[in-house]
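Chain residues, written in single-letter form:
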Amino acid sequence: MFKPYTFTARALFVIALFGALASDSFAQTYKFDFSSGRKAKEGYVKVDSGTRYSDAQGYGYDFVTPEMVGPDTPFFFSVAVPDGNYKVTVDLGSDRYAAETTVRGESRRLFVENLPTRKGESVKKSFIVNKRDSLISGNEKVAVKTNERRKLNWDNKLTIEVNGERPAVRSIVIERDDDVPTVFLCGNSTVVDNDCEPYTSWGQMITAFFNENVAIANYAESGLAADTFIGQRRLKKALSQMKQGDYLLVEFAHNDQKQKGPGKGSHYSFAYFMKQFIDQARAKGATPVFLTPTRRRFFDKEGKMTDTHLDFPDVVREIARREKISLIDLQDMTGVLYETLGPEDSKKLFVHYPANTYKNQPKELKDNTHFSTYGAYEVAKCVLEGMRYIGLPVVKEIRPEYQVGFSPIAPDSFESFKWVLSPFEVVDKPDGN
């Protein structure tokens, strides 16, 4: 967060620049002008190649490499803000060239997908970015794992990634928005926001499908089960941000089914902890929704999907029915999706890549649990259709370009899917399976 100031001349300049401070938080609106060759628009901060992020300044280009921060090059830009939802408006386009721009936020959440602009054209897009850190209250924090501490989701900044074939951004405006409904996501490695290529999950793709009237807050993490998610105080952190009218989407089972010992099992500890998500969401006035787990990619000799989750999906369905909450049957939809593509083409949905596809990747990657960018995008569309089917009110905020329904028996073609790589790569498999 911004460091406290005494009322020096510098402090008065910052307050005048960003607007009056609210009584219980820092500046609520931030305006940055990235255009070249002219003065900043009134009320905007002029950004040039030397505007580098520092905690003292509280904004600037971040994670800078020599090839970044120049005309038509990808970049990261960060602003130190308190926890909350922020409406981000990007003005895309250039007076000097035709462009194509992708915008992602925080840990590689997709918001603007391959948007083309003609030379001289200006297109504004708005979306909500949920920002959080690990602090709950006082000295209590989320027990983030060691490898999570580098994730953009858990720092004290809101980070925007501008990428694309030839990106162009004129300005970025960031405004606090406490009123939009928030969809909180709880789950494991099939849901989590991954910072690095090639591993991707549906939770970081579904953000692109909604307009600026909905926030997606993804609290999922690789390797977690329902009990460890709660034990690490992730649910408690989500509840500290939750308000009436919000939603809690919960997908577990992959790691829960591997737990052994007294009291473990689908009808015992798993059912007990899943019930806690329902009770605590309802206590906050939020709507809980269960999702059965995404299937792993396993086919029998006849080319049909083999179930690997034991009776855990049935228990999820049973709890949802008993507690009278909505259910998205993601196990069923992903099974149809994989079978539609078949044993060979379904590999494209997962992290299956030949050796040396990525840096420091001497061996072939063959993972039948974790999704590729294409797979995560298709599964996110399954979740979106599930939300439509159960009639969640937030579906009225789906962007016009995604209003056409999706069916897992007619997936998007792999050849038509376009994803511009983020600069961060890792070939280590996420926790869990």
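The structure we're discussing is the one just above.
Note that the structure is predicted; figures quoted are calculated from it, not measured.

K.L.:
An account of the overall build of the protein is needed here, citing residue identities and associated values.
P.N.:
Per the secondary structure count, the protein includes seven helices and 19 strands. At 22 Å, the protein has a C-alpha radius of gyration in line with the 22 Å of a compact globule built from 433 residues. Of the contacts formed within the protein by residues at least 6 apart in sequence, a portion of 74% connects residues at least 24 apart. In the form shown here, the protein has an accessible surface area of approximately 18300 Å², with 51% of it arising from carbon and sulfur atoms. The distance from the centre of the 59 positive side-chain charges to the centre of the 58 negative ones in the protein is 3 Å.

K.L.:
Describe the packing of aromatic side chains, listing the residues and the values that go with them.
P.N.:
Going through the model one piece at a time under the given rule, you end up with 26 aromatic pairs. Judged by centre distance (6.3 Å) and plane angle (90°), the ring pair of W154 and Y219 falls under edge-to-face. Placement of W154 in the loop between β10 (140–141) and β11 (157–166) and of Y219 in the loop between β14 (215–218) and α2 (226–231) is noted, with a sequence separation of 65 residues between them. W154 sits in the buried class, given a relative accessible area of 9%. For Y219, a relative accessible area of 1% corresponds to the buried category. Aromatic rings pair up to connect F32, F34, Y59, Y61, F75 and F77 into one cluster. For the cation-ring pair, K41 lies above Y44, with the distance from its terminal atom to the ring centre recorded as 4.4 Å.

K.L.:
Report on the sheet that holds strand β5 (residues 84–92), specifying residues and quantitative values.
P.N.:
Strand pairs in the sheet, formed through backbone hydrogen bonds, run parallel or antiparallel to each other. The strand order across the open sheet built from five strands is β2-β1-β12-β5-β8, with neighbouring strands paired in mixed fashion. With one partner strand each, in any of the chains shown, β2 (45–46) and β8 (123–131) form the two edges of the open sheet. In the sheet, strand β1 (residues 29–33) pairs with strand β12 (residues 169–176) via five bridges, with the strands oriented antiparallel. Across the sheet, the residue bridging to T29 is E175, located in β12.

K.L.:
Now, about the sheet that holds strand β6 (residues 99–105): what can you tell me, with residues and values included?
P.N.:
With respect to topology, five strands assemble into an open sheet ordered β3-β4-β11-β6-β7, the strand pairing being antiparallel. The open sheet has two edge strands, β3 (59–62) and β7 (109–117), and neither has a second partner. Pairwise comparison of adjacent strand axes, ignoring direction, gives a mean angle of 20° for this sheet. Where strand β4 (residues 75–80) meets β11, six bridges bridge the pair, whose relative direction is antiparallel. If you follow S78 over to β11, its bridge partner there is T159.

K.L.:
How would you sum up the nonpolar core? Please name residues and give values.
P.N.:
Grouped together as the largest cluster of nonpolar side chains are 44 residues, with contacts concentrated most on W202, I206, F209 and F210. Of all the secondary structure elements, the ones that give two or more residues to this core are β13 (182–186), β15 (247–251), β16 (287–291), α6 (330–345) and α7 (373–390). Looking at this core, the element that brings in the most residues is α7, giving nine residues. What I206 contacts, discounting residues up to four positions off in sequence, is I216, A380, V383, L384 and M387.

K.L.:
Explain unusual backbone geometry residue by residue, including any values.
P.N.:
The step from E197 to P198 runs through a cis peptide bond, and the omega angle for that step is 0°. Within the secondary structure layout, P198 lies in the loop between β13 and β14. In this structure, A253 takes a positive phi of about 140° despite not being glycine. Mapped onto the elements of the fold, A253 is located in the loop between β15 and α4 (266–283).

K.L.:
An account of α4 is needed here, citing residue identities and associated values.
P.N.:
Helix length check: α4, at 18 residues, gives a terminal C-alpha distance of 25 Å against a target of 26 Å (1.5 Å per residue), a fit within 8%. The sharpest bend along α4 comes to roughly 30°, located at Y272. The elements touched by buried residues of α4 are β13, α2, α3 (234–241), β15, β16 and α5 (312–323). Count one or two residues on from α4 and you reach G285, which has phi positive near 80°.

K.L.:
Lay out the pattern of salt bridges with the relevant residues and their values.
P.N.:
Applying the stated criterion to the full structure yields 34 salt bridges. Ionic pairing is found between E415 and K348, a salt bridge with its closest N-O pair at 3.8 Å. One end of the pair, E415, is in the segment after α7; the other, K348, is in the loop between α6 and β18 (350–353), with 67 residues separating them in the sequence.

K.L.:
Pulling in residues and values, what's your account of the environment of F127?
P.N.:
Here F127 shows up in strand β8. Along the backbone, F127 and D227 are 100 residues apart, and their C-alpha atoms lie at a distance of 32 Å. Apart from residues lying up to four places away in sequence, F127 is in contact with Y86, K87, V88, V90, V103, F111, V112, I160, E212 and R399.

About the cut-offs
Residues numbered from 1 in each chain as written. Predicted model: local features only at pLDDT ≥ 70, side-chain atom pairs only at ≥ 80, totals over all residues. Heavy atoms only, no water. Helix = DSSP H or I, 4+ residues; strand = E, 2+ residues; numbered from the N terminus. Rg over C-alpha atoms; globule rule 2.2 N^0.38 Å. Contact = heavy atoms within 4.5 Å. Areas by Shrake-Rupley, 256 points an atom, 1.4 Å probe, with all protein chains shown as cover. Lys, Arg positive; Asp, Glu negative; His and termini not counted. Charge placed at Lys NZ, Arg CZ, Asp CG, Glu CD. Phe/Tyr/Trp six-rings, centres within 6.5 Å; stacked < 30°, edge-to-face > 60°. Buried < 20%, exposed > 50% of the residue type's maximum accessible area, 1.4 Å probe, protein only. Lys NZ or Arg CZ within 6 Å of the ring centre and 35° of its normal. Pairing = 2+ DSSP bridges. Axes fitted to C-alpha atoms, helices over the stretch in contact; angles between N-to-C directions. Core = buried A, V, L, I, M, F, W, Y, C linked by side-chain atoms within 4.5 Å. Expected span 1.5 Å × (residues − 1). Bend = angle between axes of the 7 residues up to and from the residue. Salt bridge = Lys/Arg side-chain N within 4 Å of Asp/Glu carboxyl O.

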